[in-house]
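What follows is each chain in one-letter form.
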Amino acid sequence: MNGTHTGQWRPRILGVITLSGLLLGAAILVHAEHLSPPPESRLLQTFVDAGRAYDEGKLAEATTLYEDLIKQGFQNKEVLYNLGNALFRQGLVGKAVLAYRQAWYYSPRDPDILANLKFALQSTGATYPLPGRVTQLWVMLNRAEWISVATVTYWILFAAAGSLLLSSRLRPWATHILVPLLLLLSISLSGIGYWWMLHRTPEVVVLADHQEALFAPLEGSTAYFALPQGSIARRVDRSGPWIKVALGKKTGWLKESACEEVWPLRPTGI
Amino acid sequence: MGTGGTESSLTYRYQLLPLQAGKFTIGPFPYTVDGETLNLAGVEIEVLAPEASQNETSQSQQISDLIFAVLTASPSELYNQQVFDIYLSIYSRGLNLSSDISLMNMPSSGLSLKQFQELPGTREVVRNQIYEVRRFQCKAQALTAGSFKLQPTIRVGVRIQDRRRAQDQMQGAFDDPFFDSFFGRVRTQPVDITTKPLELNVADLPADTQPSGFAGAVGNFSFDAFVKPTDVAVGEPLTLTMRITGSGNIESVTAPEIPVGDGFKLYDSKLAQRDFNEQQSEGRKIFEQVMIPKSADITEVPAIAFTYFDPSSRSYQTIKKGPFPLAIHAASNTAARLIQPMATSPNTSTIMLGTDIVYLKSAPARWRHVSARPWYTSTLFLGLQAFPPLILGILYASVRRREELQRDVAKARRQKAPKVARDALRRVEDALKSGNRTAFFEAIWETLAAYFGNRLNLSPGEITADTAGSAFIGLSTSGELMKDIRSLFAACEQARFGSSATGQTALSPEESRKMKELLDMLYRTLRACERIRL
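Values in this document were obtained by computation on a predicted structure and should not be read as measured data.

Peer 1: Explanation requested: the overall build of chain A in the structure shown.
Peer 2: When you go through chain A residue by residue, the secondary structure sums to nine helices and seven strands. Relative to its 270 residues, chain A shows a buried fraction of 33%.

Here is the structure:
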């Protein structure tokens, strides 16, 4: 009796397992299709199409195509820079500055990015936040580059220390060998720290026109200083819908909706 | 008590407040001492009913003798808007008052009263009686001129021991005064007391001598002001900070007027800071006034005056600060609409950046997705970073060890002993396999010399059975060990220098067995020696 039942159930169980397997396989395929990045040829085609649209004066179309690439997760400096150009041509200076600044984070020594960023800022009367002497050193390299420098220095430092241990002839030169390496390591760690801080208290770009930083985070509070569209300030505090921004040595309160953070995405690409 | 005994007494004292007329018996009181219960006789008390002629007047007279309250004000002569103190003192004698005290029938208009705060209690002698005095103080402010009569009713709670309730509830099980108080058999009887009326006369502020800048500050204040920065360009803001400190109606003090005329653009002054005491009668206010000079001709911020009425001197006082000298420069070519110029860079001159933006960039060489994990966060990368300190640590340890062994030859040789012995043993085994008797004993000797020479830091000439064995004398296994060491040395010497030390190389099975035993003994001896810590 039991054996008969088992015999009847076996094909059904096998059928269910097969069907489940097929469904699972299909789901994995569909999911993989969604997850896997598009092939580089397609990305390249979109990039070229956007450039062609830009050349033909179809700036909105070019913007959409560049933004598509960014939405897909390809936040290369070239895409951001070109997006900045397309936005600037449409008069969207704030957004253009935002794109240029994001591109600058990836490549702080790129003269084209810097030139267009400054040009866009100048067009609205906003000033380029010139870094101080020390900061100038830190923005010479991006974060990944500083990490590379720090890593290489770190290994050389240990190799030098090992050599000093093994060779007594080198020991009188220990200070001359180790101090510069330690100095370089400190500088590169400071550089990493600078970019890390920039991620913690990010820069914001003013997107709206005629913004004014107020003395207090209240409607009707006294205006302190003006922030033309595209102004790049540092967010130092937050209070409800207000953010406290620092511009040079001045700080004031600004509606968060009037600006956007420069680093909206995790900066994994740099 | 007999002669030589001790005597002690314990007195409990109760205060009773009769609440109704009648005869009452208090007690008897059972008291247990050393297991023996003594019944102390009860006490009869007769509470007389008040006589009709005396009635309520007499009763209230009796209560007022036990408890009464006094209301005072300081100062009593007041001005409109003046902040003053009201003191309430509750005198009681022989009563246990609860902490809850209510104040009723206080005027609801014309005066602003803050919360009463209790002051430290005192004792006072009134009508030859000692009274416990509870004192309360509150800050009040006169809001209008006129006469005010304050005669509040104060409801206090008098704590009374509830004997009957205790007896009902506990049924004598815990019929003890300690349990009465411990289990809260105390009830609170509210008692209303009325103070004598307190007359307050509030006068208007003198109008004829009132200065023009007076804005209602009444009290005793100090005033300070300063301007920062003092060296600005036209259109740049400077801040006038005004600090008013003192006691009085500080809560309603406003910023003084700033008579700057048309030379400055003014924004509403901002209350930057306010620090008051709990009753808001003393404190500090700091006002900030942003001022923007409109012309380079301005040389100063005029003097600022703060006027207040001082009730103690019954006169208006004016404190002037300034004028504050300024250095105003002509405006640069910054946008006129700026409230304050943008944060300027060190290089203030304008650099033209070309006439247009730079053209598009070509496609990236490599498309990198934001979700791709950067190399510097990979486990491999982070794990590799642990190697340099690890390798350096190992290197440091080995260098230290090498240097130590260079300094301590005996230790170095001691550590070397097992290794050289192993090498020599290999030769012994080879000689045994090849059946070379002479080579076998030579190798045995080499092994012994190598091991004991290094282990005991001996020169080759010093290595004998005695020198080798003497190092292990006194240790647990030294008896057996000594025997083996001597046997080994003797066998070697016999083979090497004895009569049998001929050139004969062929081994009989018996000899071969003995040599094997000798090798085993050598192994055993060396292992035993190695286990011994010298």
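Peer 1: Is there a simple way to think about the sheet that holds strand E12 (residues 146–150) of chain B in this case?
Peer 2: Strand-to-strand pairing in sheets goes through backbone hydrogen bonds, with the strands running parallel or antiparallel. Residue and element names in this part refer to chain B. A sheet is described by the order of its strands in space; here three strands give the open sequence E6-E15-E12, paired in mixed fashion. Of all strands in the sheet, those bounded by a partner on one side alone are strand E6 (77–79) and E12. Each strand of the sheet is rotated relative to its neighbour by a mean of 30°, with strand direction disregarded. Relative to strand E15 (residues 198–203), E12 is paired through five bridges, and the arrangement is antiparallel. Opposite Ser147, over in E15, you have Asn201 as the bridge partner.

Peer 1: What am I meant to see in the pairing of strand E1 (residues 203–206) of chain A here?
Peer 2: Here is the key point about a regular strand: its side chains alternate between the two faces of the sheet. Residue and element names in this part refer to chain A. What you see with E1 is no split at all: Glu203 and Val205 on one side and Val204 and Val206 on the other are buried throughout. Taken together, the three bridges between E1 and strand E4 (residues 232–239) define a ladder with antiparallel strand orientation. For Glu203, the partnering residue across the bridge sits in E4 and is Arg234. Two elements, E1 and strand E7 (residues 259–261), share three bridges in a ladder whose sense is antiparallel. Residue pairing across strands places Val206 opposite Cys259, the latter belonging to E7.

Peer 1: Sorry, what's going on with the nonpolar core here?
Peer 2: Looking at soluble globular proteins, one finds that nonpolar side chains tend to be buried together. A:Ala96, A:Val97, A:Tyr100 and A:Ala120 are the most contacted members of the largest nonpolar core, which has 55 residues in total. The greatest single-element share of this core, amounting to 10 residues, is contributed by helix H5 (residues 93–106) of chain A. Excluding anything up to four places from it in sequence, A:Tyr100 contacts A:Tyr81, A:Gly84, A:Ile113, A:Asn116, A:Leu117 and A:Ala120. By size, the runner-up hydrophobic cluster in this structure holds 30 residues, among which are B:Phe441, B:Ala443, B:Leu448 and B:Leu518.

Peer 1: Would you mind showing me how to read the pairing of strand E3 (residues 36–40) of chain B here?
Peer 2: All names here are of chain B. Across the five residues that make up E3, only a small minority, zero, are buried. Summarising the sheet, strand E2 (residues 29–33) and E3 pair through five bridges and their orientation is antiparallel. Residue pairing in the sheet places Pro30 in a bridge with Asn39 of E3. Here E2 folds back onto E3, and the loop between the two strands holds two residues, one of which, Asp34, carries a positive phi near 50°.

Peer 1: Looking at this structure, I do not really get the packing of helix H6 (residues 409–434) of chain B against helix H7 (residues 437–455) of chain B. What am I missing?
Peer 2: Between two packed helices, both the angle of their axes relative to each other and the distance between the axes serve to describe the pair. All names here are of chain B. Remark: H6 packs on H7, axes separated minimally by 7 Å, with the N-to-C direction vectors making an angle of 175°. For the element pair H6 / H7, the angle class is roughly antiparallel. Along the contact surface, H6 presents Arg413, Arg414, Lys416, Ala417, Val420, Ala421, Ala424, Leu425, Arg427, Val428, Ala431 and Leu432, while H7 presents Ala439, Phe440, Ala443, Ile444, Glu446, Thr447, Ala450, Tyr451, Asn454 and Arg455. When grouped by side-chain class, the residues that make up the contact of H6 with H7 number 14 nonpolar, two polar and six charged.

Peer 1: Could you clarify how one ought to interpret the environment of B:Val126 in this entry?
Peer 2: Residues and elements named next belong to chain B. Here Val126 shows up in strand E10 (residues 117–126). Looking at Val126, the number of C-beta atoms within 10 Å reads 13, which means it is partly exposed. Taking the C-alpha atoms as reference points, Val126 and Tyr91, separated by 35 residues in sequence, lie 9.1 Å from one another. Each residue touching Val126, except ones within four places of it in the same chain, is listed here: Tyr91 and Tyr131.

Peer 1: Can you walk me through unusual backbone geometry in this structure?
Peer 2: For the peptide bond that leads from B:Gly27 to B:Pro28, omega is 0°, which places it in the cis range. Along the chain, B:Pro28 falls in the loop between strand E1 (22–26) and E2. Between B:Gly322 and B:Pro323 the backbone carries a cis peptide bond, its omega angle lying at 5°. In this fold, B:Pro323 is placed in the loop between strand E24 (315–321) and strand E25 (324–325). Of note, the phi angle at A:His210 is positive, near 50°, even though the residue is not glycine. Along the chain, A:His210 turns up in the loop between E1 and strand E2 (211–214).

Peer 1: Help me out: how do you make sense of the packing of helix H8 (residues 143–166) of chain A against helix H5 (residues 387–407) of chain B in this one?
Peer 2: For the pair H8(A) and H5(B), interaxial distance at closest approach is 10 Å and the crossing angle is 5°. With respect to each other, H8(A) and H5(B) are oriented roughly parallel. Contacts from A:Tyr154, A:Trp155, A:Phe158, A:Ala161, A:Gly162, A:Leu165 and A:Leu166 of H8(A) reach H5(B) at B:Pro388, B:Pro389, B:Ile391, B:Leu392, B:Leu395, B:Tyr396 and B:Val399.

Peer 1: What am I meant to see in the confidence of the model for chain B here?
Peer 2: Residue and element names in this part refer to chain B. Counting all residues, the mean pLDDT for chain B is 79, and 84% of those residues have values of 70 or more. In this model, residues 166–183 is a region of pLDDT below 50 whose contacts with residues beyond four sequence positions or in other chains number nine contacts. Note on residues 333–352: pLDDT under 50 across the span, and 30 contacts to partners over four residues away in sequence or across chains. This prediction of the complex comes with two scores: 0.46 for pTM and 0.74 for ipTM.

Peer 1: Help me out: how do you make sense of helix H2 (residues 40–55) of chain A in this one?
Peer 2: Residue and element names in this part refer to chain A. For H2, which comprises 16 residues, the first-to-last C-alpha distance of 22 Å matches the rise-based estimate of 22 Å (1.5 Å per residue) to within 8%. Among the residues making up H2, those that are buried are Leu43, Phe47, Ala50, Gly51 and Tyr54. Looking straight down H2, one finds its buried side chains confined to an arc of 100°; they lie on one side. The exposed residues of H2 that point more than 90 degrees off its buried face are Ser41, Arg42 and Asp55. Structurally, H2 contributes buried residues whose contacts are with helix H3 (59–71) and helix H4 (77–89). Just beyond H2, the residue with positive phi is Gly57, at close to 85°.

Thresholds, definitions, all that
Residues numbered from 1 in each chain as written. Chains lettered and ligands numbered in written order. Predicted model: local features only at pLDDT ≥ 70, side-chain atom pairs only at ≥ 80, totals over all residues. Helix = DSSP H or I, 4+ residues; strand = E, 2+ residues; numbered from the N terminus. Buried ≥ 20, exposed ≤ 12 C-beta atoms within 10 Å, placed from the backbone. Pairing = 2+ DSSP bridges. Axes fitted to C-alpha atoms, helices over the stretch in contact; angles between N-to-C directions. Core = buried A, V, L, I, M, F, W, Y, C linked by C-beta atoms within 7 Å. Contact = placed C-beta atoms within 7 Å. Parallel < 35°, antiparallel > 145°, perpendicular 65-115°, else oblique. Nonpolar A, V, L, I, M, F, W, Y, C, P; charged D, E, K, R; others polar. pLDDT = per-residue confidence, 0-100. Expected span 1.5 Å × (residues − 1). Arc of directions from axis to C-beta.

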